[in-house]
Amino acid sequence: GGFPKGKRTRRGTLPAADTEMSDAMETEGKAGEPVPTAEARSDELKVKANGLMGQKEYGEAEKLYTQAIELTPQVEALWTNRALARSNLGDYEGAESDCNAVIGMNPSSSKAYGRLGSALYKAGRFQESVDAYNKACELDGGNATYKQGLEAAKSQLGGG
């Protein structure tokens, strides 16, 4: 292949010529193709990170989401997924920051408000959590998770 030697990231996950990578996941394009696009690479990272989330490996998942965000910062799901990872790690400020980044890109992202509500709840900031969950419910009224979060946050305020 046309890859310079020594151009590997941690754990050798790049380049695409790695047989482990190409066997593990279908990538678009032909075998002899140059390094995948930022989007393709970001998507691979996201898929791996999502798998790690399922295994509760939040720290590793957070690192992969961060790498993916560096490649494609416009992809909202990377930010909201990293927010969830950070929230599960107890990094509520990091989670809040990620949610706010998405809200800045897309003020009608119910998922960003929902994840924000959850992080604020876990941080013990119940009034702000209520506000975030209210916004999430306003944007996606059918979402039971947001409604449950809202009720939980309200009950912590004593206004349940």
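What you see is a predicted model; the values in this text were computed from it and never measured. (Residues numbered from 1 in each chain as written. Predicted model: local features only at pLDDT ≥ 70, side-chain atom pairs only at ≥ 80, totals over all residues. Heavy atoms only, no water.)

**Student:** Explain the environment of A112 here, please?
**Tutor:** Relative to the helices and strands, A112 is located in helix α6 (residues 110–122). On a C-alpha basis, the gap between A112 and Y133 in space is 9.9 Å, while along the polypeptide they are 21 residues apart. Beyond its immediate stretch of four places on either side in the chain, A112 contacts T80, C99, V102 and I103. (Helix = DSSP H or I, 4+ residues; strand = E, 2+ residues; numbered from the N terminus. Contact = heavy atoms within 4.5 Å.)

**Student:** Hey, could you run me through α6 in this one?
**Tutor:** Because an α-helix packs 3.6 residues into every turn, residues spaced three or four apart end up facing the same way. Spanning 13 residues, α6 covers 18 Å between terminal C-alpha atoms, matching the ideal 18 Å at 1.5 Å per step. When you tally the buried positions in α6, you get 10 out of 13 residues, the bulk of the element. Of the residues making up α6, those classed as buried are S110, A112, Y113, G114, R115, L116, G117, S118, A119 and L120. Its buried side turned inward, α6 meets α4 (76–89), α5 (92–105), α7 (126–139) and α8 (144–157). Positive phi shows up at G124, right after α6, with a value of about 80°. (Expected span 1.5 Å × (residues − 1). Buried < 20%, exposed > 50% of the residue type's maximum accessible area, 1.4 Å probe, protein only.)

**Student:** How should I be thinking about unusual backbone geometry in this particular structure?
**Tutor:** Notably, K56 is not glycine yet its phi reads approximately 60°, a positive angle. Take K56: it is sitting in the loop between α2 (38–54) and α3 (58–71). K56 gets classed as exposed once you look at its relative accessible area, which sits at 62%.

**Student:** Looking at this structure, how should I read the packing of α6 against α7?
**Tutor:** Each pair of packed helices gets described by two things: the angle between the helix axes and the distance between those axes. Two elements in contact, α6 and α7, have axes separated by 8 Å at closest approach and are oriented at 160°. In terms of orientation, α6 and α7 fall into the roughly antiparallel class. Crossing hand, α6 versus α7: left-handed. Taken together, the residues of α7 that come into contact with α6 (itself represented by S110, Y113, G114, L116, G117, S118, L120 and Y121) are F126, E128, S129, A132, Y133, K135, A136 and L139. Across the contact of α6 with α7, the residue classes tally to nine nonpolar, five polar and two charged. (Axes fitted to C-alpha atoms, helices over the stretch in contact; angles between N-to-C directions. Parallel < 35°, antiparallel > 145°, perpendicular 65-115°, else oblique. Left-handed = near helix turned anticlockwise from the far one by under 90°. Nonpolar A, V, L, I, M, F, W, Y, C, P; charged D, E, K, R; others polar.)

**Student:** Explain the pattern of salt bridges to me, please; I cannot follow it from the model alone.
**Tutor:** Opposite charge on two side chains lets them pair, provided their charged atoms get close. On inspection of all chains with the given rule, the structure shows nine salt bridges. R82 is paired through a salt bridge with D98; the nearest N and O atoms lie 2.7 Å apart. Of this pair, R82 sits in helix α4 while D98 sits in helix α5, and the two are 16 residues apart along the sequence. A salt bridge links D98 to R86; the shortest N-O distance between them is 3.2 Å. With D98 in helix α5 and R86 in helix α4, this residue pair connects regions lying 12 residues apart in the sequence. Each member of the pair, D98 as well as R86, is classed as buried. Residues joined by salt bridges that share partners form a network here, namely E62, R82, R86, D91 and D98. (Salt bridge = Lys/Arg side-chain N within 4 Å of Asp/Glu carboxyl O.)

**Student:** Teacher, can you tell me more about α3 here?
**Tutor:** With 14 residues, α3 ought to run about 20 Å at 1.5 Å a step, and its terminal C-alpha atoms sit 20 Å apart, in line with that. By the burial criterion, the buried members of α3 are Y58, A61, E62, L64, Y65, A68 and I69. Down the axis of α3, the sector holding all buried residues measures 165°, keeping them to one side. (Arc of directions from axis to C-beta.)

**Student:** Sorry if this is basic, but what is going on with the nonpolar core here?
**Tutor:** Most often, soluble globular proteins keep nonpolar side chains buried together rather than apart. Among the nonpolar cores identified, the biggest contains 31 residues, and M53, A61, Y65 and L116 are the most heavily contacted of them. Per-element tally for this core: the top contributor is α3, with six residues. (Core = buried A, V, L, I, M, F, W, Y, C linked by side-chain atoms within 4.5 Å.)

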